[in-house]
Amino acid sequence: MRLSRYFMPTLREAPADAQIVSHQLMLRAGLIRQEAAGIYAWLPLGLKVLKKIEQVVREEMDRAGAIEVLLPTLQLADLWRESGRYDDYGDEMLRIKDRHDRDLLYGPTAEEVITEIFRAYVKSYKDLPKNLYNIQWKFRDERRPRFGVMRGREFLMKDAYSFDIDEAAARKSYNRMFLAYLNIYARLGLKAIPVKADPGPIGGDLSHEFIILADTGESEVFAHGDLVEMGAPGPDIDWDGDLEPLVTQRASLYAASDEMHDAARFEAEVPADKRMTARGIEVGHIFYFGEKYSKPMKALVTGPDGKDVPVHGGSYGVGVSRLVAGIIEASHDEAGIIWPDAVAPFGVAVVNLRPGTAEVDAVAEQAYKALEAAGKEPLLDDRDDRPGAKFASIDLVGIPWQLIVGPKGVAEGVVEIKRRATGERQTLQLDAALKVIAG
């Protein structure tokens, strides 16, 4: 992509009402534009990042055995009346009537819809377990939307729903999602901690939040240092094996956000030299809720004994659009965003310092085409602008590598490369520079 033909509207200053770093940088870097309170248009750079995060989530869900569906954004109120949640959910639910005077709602979550689909088709325990997931826009009518996409009203969510014959089987499904979530965050370059959580309006008696560490986080986290350093289990898990030891290894160590923190227990269970306190951002939540939805909605299967029983369910949410902001909160500096390679909108910025000069244009084009052929998603900055302005905008939007082509370097047969995350610079011949970037 040539920047002279692209749409990348950057701002020198963030609007005054942008209170946190991610909101400020997303507006300044031209990732989003606010259309109404808590509702944003996703501009080209932001959309590219959003799609890359979505793909990482999709791949890890598929790896863990979940099956993708696409559910509607508008849902029938009658389904929520069946579950008993329509009147209980509160003012965050956007209620709508269509031209036939039917009650609808803009879905804040999808337990009812997926349960209705499940009960229509699955009748026997032999067809279990099942885990269906959905990546779709949701809406919660926050009273005071703030912090950009971190707490907006419209948001992109991955929600998965497991169905099992009994509690023991349901906990196996829960364990799969627990470990899959850790793999998601690790691939996104994030350090995530699973903490015991309040199930809230979803319901249930087993729940964990996943909190990524960021100095600007909204929550305070208290955790055992070994858990923080333990990391993700990685892709080579035997998903059909016994996952309980891997989960217990993590869930048995103390970890809590400030609202669930027990200071006395923290001091009793965690040695002084292992006590870690940090700021964090919640980016995922998983629940086991048993028969909460299957009983009132009659989602039954025939068990081994020939009797119909309600299935045991769980739900598992990842805030895909929230993760864009979460990554920025965890990875930025005074110059702008520092994207992890996995989700950067472009892999390399080829910065032409003197467009219109034949020799410089030729080297820049050569570099651009070589990087394109190597699948590195290059952005060619061919704008007729001052070098300082070019560097500032490329740093702002956070592209991981810069390959800088200028008249002096071309005359000497070299180019300069810069790694955005570290600021490290190297002056190399073009072929050597391309090899470094290719890894």
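Residues numbered from 1 in each chain as written. Predicted model: local features only at pLDDT ≥ 70, side-chain atom pairs only at ≥ 80, totals over all residues. Heavy atoms only, no water.

Student: Explain the packing of helix H1 (residues 21–28) against helix H10 (residues 320–330) here, please?
Tutor: Helix packing for two helices is described by the angle between their axes and how far apart those axes are. Packing of H1 against H10 leaves a shortest axis separation of 8 Å and a crossing angle of 105°. The angle between H1 and H10 places the two elements in the roughly perpendicular class. Residues Val 21, Ser 22, Leu 25 and Met 26 of H1 touch H10, and the partners they reach there are Val 324, Ala 325, Ile 328 and Glu 329. Tallied by class, the residues present in the contact of H1 with H10 amount to six nonpolar, one polar and one charged. (Axes fitted to C-alpha atoms, helices over the stretch in contact; angles between N-to-C directions. Helix = DSSP H or I, 4+ residues; strand = E, 2+ residues; numbered from the N terminus. Parallel < 35°, antiparallel > 145°, perpendicular 65-115°, else oblique. Contact = heavy atoms within 4.5 Å. Nonpolar A, V, L, I, M, F, W, Y, C, P; charged D, E, K, R; others polar.)

Student: When you look at the sheet that holds strand E6 (residues 103–106) in this model, what are you seeing that I'm missing?
Tutor: Note: strands within a sheet are paired through backbone hydrogen bonds, in either parallel or antiparallel orientation. Across the sheet, three strands lie side by side as E4-E6-E5; this open sheet has antiparallel pairing. Since the sheet does not close on itself, it has two edges, and those belong to strand E4 (74–76) and strand E5 (94–97), each with one partner. If you compare each strand with its neighbour and ignore which way they point, the axes differ by 40° on average. With three bridges joining them, E4 and E6 adopt antiparallel strand pairing. Looking at the pairing, Gln 75 lines up with Leu 105 of E6. (Pairing = 2+ DSSP bridges.)

Student: I tried to follow the side chain of Glu 60 on my own but got confused; where do I start?
Tutor: Here Glu 60 is to be found in helix H2 (residues 44–63). Taking relative accessible area as the criterion, Glu 60 reaches 2% and is therefore assigned buried. Residues in contact with Glu 60, not counting those within four places in the same chain, are Ala 180, Asn 183, Ile 184 and Arg 187. (Buried < 20%, exposed > 50% of the residue type's maximum accessible area, 1.4 Å probe, protein only.)

Student: What exactly am I supposed to notice about the pattern of salt bridges here?
Tutor: In a structure, side chains of opposite charge can pair up when their charged atoms sit close to one another. Using the criterion set out here, one finds 34 salt bridges in the structure. Measuring nitrogen to oxygen at the nearest pair gives 2.8 Å for the salt bridge that ties Arg 81 to Asp 103. Residue Arg 81 is found in helix H3 (residues 77–83), and its partner Asp 103 is found in strand E6; the two are separated by 22 residues along the sequence. Ionic pairing is found between Arg 85 and Glu 112, a salt bridge with its closest N-O pair at 2.7 Å. One end of the pair, Arg 85, is in the loop between H3 and E5; the other, Glu 112, is in helix H4 (residues 111–121), with 27 residues separating them in the sequence. With a relative accessible area of 0%, Glu 112 lands in the buried category. Among the charged side chains, a network of salt bridges with common partners joins Asp 78, Arg 81, Lys 97, Asp 101 and Asp 103. (Salt bridge = Lys/Arg side-chain N within 4 Å of Asp/Glu carboxyl O.)

Student: So what exactly am I meant to see when it comes to the side chain of Lys 158 here?
Tutor: Mapped onto the fold, Lys 158 is located in strand E8 (residues 154–164). At 7.1 Å, Asp 159 is the nearest oppositely charged side chain to Lys 158, a buried residue that forms no salt bridge. There is a polar contact of 2.7 Å between the side chain of Lys 158 and the side chain of Tyr 181. Lys 158 has contacts with Val 57, Met 61, Tyr 133, Asn 134, Ile 135, Tyr 181, Tyr 316, Gly 317, Val 318 and Val 320, leaving out every residue within four places of it along the chain. (Lys, Arg positive; Asp, Glu negative; His and termini not counted. Polar contact = N/O pair within 3.5 Å; in protein donor to acceptor, adjacent residues only side chain to side chain.)

Student: Looking at this structure, how should I read the environment of Met 157?
Tutor: As for its placement among the helices and strands, Met 157 is situated in strand E8. Met 157 sits in the buried class, given a relative accessible area of 17%. Separated by 19 residues in sequence, Met 157 and Lys 138 have C-alpha atoms that sit 6.7 Å apart. Setting aside its immediate chain neighbours within four residues, Met 157 contacts Asn 134, Ile 135, Gln 136, Lys 138, Gly 317, Val 318, Gly 319 and Val 320.

Student: Explanation requested: the pairing of E8 in the structure shown.
Tutor: A regular strand carries its side chains on alternate faces of the sheet. Along E8, 10 of the 11 residues are buried, which leaves the element largely enclosed by surrounding structure. Relative to E8, strand E7 (residues 130–139) runs antiparallel, the two sharing 10 bridges. By the bridge assignment for E8, Asn 134 is matched with Asp 159. The sheet contact formed by E8 and strand E16 (residues 312–319) spans eight bridges and is antiparallel. Across the sheet, the residue bridging to Ala 160 is Tyr 316, located in E16.

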